[in-house]
Amino acid sequence: MGKDVLGTVYETLLCSPGMNEAVKIDLKISRKAILLLSSLIESGAGDDGNVPGLLGLIPPEDREELKSFGDECLKKAGLKELSEKIKTLKN
């Protein structure tokens, strides 16, 4: 029951006015944190249809936006190639 209520709350928040507006964020974050964040996004927003918990409530197009964000962070930090090599080790 609590899971359904939480899902309804998040669905309501995601549909709220202004939630699709772009926001510019200027922040400094370590390369380590970028690599970890990108890995979390990639593993949590998978395409295998088995998306657990809260991530299961996120529409597929929004998951793609998160993946794009993670990729862009990797590119800006110069970690895209390293990330790709790490992915090959996982497979």
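Above this text you will find the structure in question.
Residues numbered from 1 in each chain as written. Predicted model: local features only at pLDDT ≥ 70, side-chain atom pairs only at ≥ 80, totals over all residues. Heavy atoms only, no water.

Engineer: Help me understand the packing of helix H2 (residues 31-44) against helix H3 (residues 60-77) in this model?
Structural biologist: Packed helices, taken two at a time, are described by the angle their axes make and the gap between the axes. Between H2 and H3, the least distance of the axes is 9 Å, while the angle of their chain directions is 155°. Classified by the angle their axes make, H2 and H3 are roughly antiparallel. In this structure, the crossing between H2 and H3 has a hand that is left-handed. Contacts from Arg31, Ile34, Leu35, Leu37, Ser38, Ile41 and Glu42 in H2 reach Leu66, Lys67, Phe69, Gly70, Cys73, Leu74 and Ala77 in H3. Class assignment of the residues belonging to the contact of H2 with H3 gives a composition of nine nonpolar, two polar and three charged. (Axes fitted to C-alpha atoms, helices over the stretch in contact; angles between N-to-C directions. Helix = DSSP H or I, 4+ residues; strand = E, 2+ residues; numbered from the N terminus. Parallel < 35°, antiparallel > 145°, perpendicular 65-115°, else oblique. Left-handed = near helix turned anticlockwise from the far one by under 90°. Contact = heavy atoms within 4.5 Å. Nonpolar A, V, L, I, M, F, W, Y, C, P; charged D, E, K, R; others polar.)

Engineer: Sorry, what's going on with the layout of surface pockets here?
Structural biologist: Empty space left among the atoms is revealed by rolling a probe the size of a water molecule over them. If you add up the space inside the largest pocket, you get close to 1,200 Å³. Along the wall of the largest pocket there are 28 residues; nearest its centre are Val23, Ile25, Glu65, Leu66 and Phe69. Every element with two or more residues in the lining of the largest pocket is listed here: helix H1 (2-14), H2 and H3. The element that contributes the greatest number of residues to the lining of the largest pocket is H3, accounting for nine residues. Of the residues in the lining of the largest pocket, the class split is 17 nonpolar, two polar and nine charged. (1 Å grid on protein atoms, 1.4 Å probe; cavity = no way out; pocket = protein on both sides within 12 Å on 5 of 7 lines; lining within 4 Å. Points joined across faces, edges and corners; volume = space filled by probe spheres on them.)

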